Amino acid sequence: MPAPSYSYTLETASAPAPAAVEAGVYYNPRLDPKNFLDGPLSPIPSTRLRQMLARPGIVVAPGICDGISARAALEAGFDCLYQSGAATTASRMGQPDLAIATLNDFVGAGQMVSSLDTSVPVIADADVGFGGPAMVARTVRQYARAGIAALHIEDQVQTKRCGHLLGKQVVSREEFLTRIRAAVIARDSIPGGSDFVIIGRTDSAQVLGMDEAIERLKLAAAAGADVCFIEGVRTKELLESTVAALAPTPVLVNVISGGLTPSFTYPEAEQMGAKIIIFSLVSCVAMLHACRTAMRSLKKTGTDFTTAQGMDPKQFFEVMGLNEIIELDAKAGGSAFQVV
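Residues numbered from 1 in each chain as written. Predicted model: local features only at pLDDT ≥ 70, side-chain atom pairs only at ≥ 80, totals over all residues. Heavy atoms only, no water.

1. What about helix α3 (residues 85–93)?
Among the residues of α3, Gly-85, Ala-86, Ala-87, Thr-88 and Thr-89 are the ones counted as buried. Structurally, α3 contributes buried residues whose contacts are with β1 (59–64), β2 (81–83), α4 (103–116), β3 (122–125) and α11 (282–301). Where α3 begins, the side chain of Ser-84 points an oxygen toward the backbone nitrogen of Ala-86, at a separation of 3.2 Å. Note on α3: the residue one or two positions beyond its end, Gly-94, has a positive phi of about 65°. (Buried < 20%, exposed > 50% of the residue type's maximum accessible area, 1.4 Å probe, protein only. Helix = DSSP H or I, 4+ residues; strand = E, 2+ residues; numbered from the N terminus. Contact = heavy atoms within 4.5 Å. Polar contact = N/O pair within 3.5 Å; in protein donor to acceptor, adjacent residues only side chain to side chain.)

Structure (C-alpha cells):
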C-alpha cells in the first residue's frame, strides 16, 4: 500500500486566500473512509470512531469531567465520550479554562476515562498542542498510548481561553497548519499503523470572520485533519453553510448552554449536516448545581439524607463498576469480595 503523501502547499497568513488548496493535499489510502464502511464495529476505539464517522448517523459525545460523569454517560448508553479541556481543568484543578492545565493533566484524565470501557471512543481536547511541533507530536503519541481515540488542536495563541469566552486571539495560518501537520505526521509514525483521529479546530470566526475560519479549516483538511471543528458558530444557517463548504470532510459542532452557539439538539445538528456534536459542559455544570444543592442542604439541615435520594454506598459503587470487579475476582479464584 502506498505511503501517505506529505507534500503540502503553504499559503501566507497576511490576508485570507480566495481559493482552497489545489495541490499537495495529504492522502493516506489506509485511512480512506471507504475502508471503514463495512463490517462489525471494532473494539479498538480509534478504529471504531472512524467507522462511526464513515457510516450514517451523527456521533453524540457528552462532555465528561471525571470518572463519575464518565460512568454516568456510559450508564445512559452513550457510545462516544468527550473529554472537555474546560471540564478537565475545572474538575482536576478547580480552575477556569485559561490554559492552566498541562499535557500531563490531560493525558492522566484521558487515560482514566478511556480505561472504563476500552471500546468506547474518547475524543479529547488538546488545546493548542502544548507547544511547538515537537510538543504537538508528543501530545498525539501520548494520547494514542493512553487509549484516546481522537484529539482536536486549535489555532488560538498559547495563552488560550475557552472558545465561548470573548477576547480570543489566534495564530497565523502557517502556525495553525504546522500544528496540524505535526499531529498527522506523529500519528502516521506510530508503529503498526494508527487509526487515531485528528480534528482541526479554529476559533478564528469571532476574530477574523467566518470566511477566514472556513478557509483555515479547508487548509487543515488538506493538511490531513480528519474532521473540522468550527468553534462558536452562531446560527443554523452558518453551520449549514460551513458543512457545505467543507464537504466531504466531517464537521464537529460544540454546544454549550449559554455559549456562542445556539442550543441545537443532536437531531437538529444532524439535519444541518454536522457529523459530531459535543456537549462540553453538560456534566460539570450539572454536577456543580447538584453539589451546590447538596452542600447547602447539609449546611442548613445538618444531614445529607435528602440529597442522597436513597442511594446507599453499595448502589453508588455499583455504578462505578463494583459488580464487574467482584466477578473478575471470583473468576480469578479470589475470595475477598464474596460478601460486600
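2. Quick notes on the pattern of salt bridges
Tallying each qualifying case throughout the model produces 17 salt bridges. Across the pair Glu-240 and Lys-236 runs a salt bridge whose closest N-O atoms are separated by 2.8 Å. One end of the pair, Glu-240, and the other, Lys-236, are both in helix α9 (residues 236–246), four residues apart, so they sit about a helical turn from each other. The salt bridge partner of Lys-331 is Glu-327, with a shortest N-O separation of 3.2 Å. Of this pair, Lys-331 and Glu-327 both sit in helix α14 (residues 322–331), four residues apart, which is roughly one turn of the helix. When its relative accessible area of 44% is taken as the criterion, Glu-327 is described as partly exposed. Among the charged side chains, a network of salt bridges with common partners joins Asp-127, Glu-154, Lys-160, Lys-168, Arg-201, Asp-203 and Glu-231. (Salt bridge = Lys/Arg side-chain N within 4 Å of Asp/Glu carboxyl O.)

3. Side note on the packing of aromatic side chains
Ring pairs (aromatic) are described by centroid distance and by the angle formed between their planes. Across all of its chains, the model carries two aromatic pairs by this definition. Measuring from ring centre to ring centre gives 5.4 Å for Phe-106 and Phe-130, while their planes differ by 75°; the resulting arrangement is edge-to-face. Taken as a pair, Phe-106 in helix α4 and Phe-130 in the loop between β3 and α5 (133–145) lie far apart in primary sequence, 24 residues in all. For Phe-130, a relative accessible area of 19% translates into the label buried. (Phe/Tyr/Trp six-rings, centres within 6.5 Å; stacked < 30°, edge-to-face > 60°.)

4. Concerning a nonpolar patch on the surface
Judged by side-chain polarity, Ile-68, Met-311, Phe-316 and Phe-317 come together as a nonpolar surface patch covering roughly 360 Å² of accessible area. Take Met-311: it is sitting in the loop between α12 (305–308) and α13 (313–319). Met-311 sits in the partly exposed class, given a relative accessible area of 43%. (Patch = residues over 30% accessible without salt bridge, like charges linked within 9 Å, V, L, I, M, F, W, Y side chains within 5 Å. Areas by Shrake-Rupley, 256 points an atom, 1.4 Å probe, with all protein chains shown as cover.)

5. Looking at the sheet that holds strand β4 (residues 150–153)
What the eight strands build is a closed barrel, ordered β1-β2-β3-β4-β5-β6-β7-β8; its pairing is parallel. Geometrically, the sheet is characterised by an average inter-axis angle of 25° between neighbouring strands, direction not taken into account. Two strands pair when backbone bridges link them, and β1 and strand β8 (residues 276–279) are joined in this way by four bridges, in the parallel orientation. Its bridge partner lying in β8, Pro-62 is registered against Phe-279. In the packing of α4 onto the sheet, contacts are made with β1, β2 and β3, and the angle to β2 comes to roughly 160°. Running over the sheet, α5 touches β3, β4 and β5 (197–202) and is turned about 160° from β4. (Pairing = 2+ DSSP bridges. Axes fitted to C-alpha atoms, helices over the stretch in contact; angles between N-to-C directions.)

6. Some remarks on the nonpolar core
In this structure, Val-140, Tyr-143, Leu-151, Ile-180, Phe-196 and Ile-198 are the most contacted members of the largest nonpolar core, which totals 33 residues. Taken together, the elements giving at least two residues each to this core come down to α4, α5, β4, α6 (173–188) and α8 (210–222). Residue contributions to this core peak at seven residues, all from α6. Setting aside residues no more than four positions away along its own chain, Phe-196 makes contact with Ser-46, Arg-50, Val-140, Tyr-143, Ala-144, Ile-148, Ala-149, Ala-150, Leu-151, Arg-187 and Asp-226. Counting 22 residues, the second largest nonpolar core, distinct from the first, contains Ala-221, Phe-264, Ala-269 and Ile-277. (Core = buried A, V, L, I, M, F, W, Y, C linked by side-chain atoms within 4.5 Å.)

7. As for α11
Taking 1.5 Å per residue, 20 residues should reach 28 Å; α11 reaches 28 Å between its end C-alpha atoms and fits that length. Of all the residues in α11, the buried ones are Ser-283, Cys-284 and Ser-297. Angularly, the buried residues of α11 cover 155° about the axis, an arc narrow enough to put them on a single face. For α11, exposure combined with an orientation more than 90 degrees from the buried face picks out Arg-296, Lys-299 and Lys-300. (Expected span 1.5 Å × (residues − 1). Arc of directions from axis to C-beta.)

8. Here we look at the packing of helix α2 (residues 67–75) against α4
Following both chains from N to C, one finds α2 and α4 inclined at 30°, their axes separated by 10 Å at the closest point. Considering their axes alone, α2 and α4 lie roughly parallel with respect to each other. Of the two elements, α2 crosses α4, and the hand of that crossing is right-handed. Touching Gly-67, Ala-70, Arg-71 and Leu-74 of α2 are Met-112, Val-113 and Leu-116, all from α4. A class-by-class count of the residues in the contact of α2 with α4 yields five nonpolar, one polar and one charged. (Parallel < 35°, antiparallel > 145°, perpendicular 65-115°, else oblique. Left-handed = near helix turned anticlockwise from the far one by under 90°. Nonpolar A, V, L, I, M, F, W, Y, C, P; charged D, E, K, R; others polar.)

9. A look at the pairing of β3
Across the two faces of β3 the burial is the same, with Val-122 and Ala-124 and Ile-123 and Asp-125 all buried. The pairing of β2 with β3 spans three bridges and is parallel. Residue pairing in the sheet places Tyr-82 in a bridge with Ile-123 of β3. Note that β3 and β4 share three bridges and pair parallel. Within the sheet, the bridge partner assigned to Ala-124 lies in β4 and is Leu-151.

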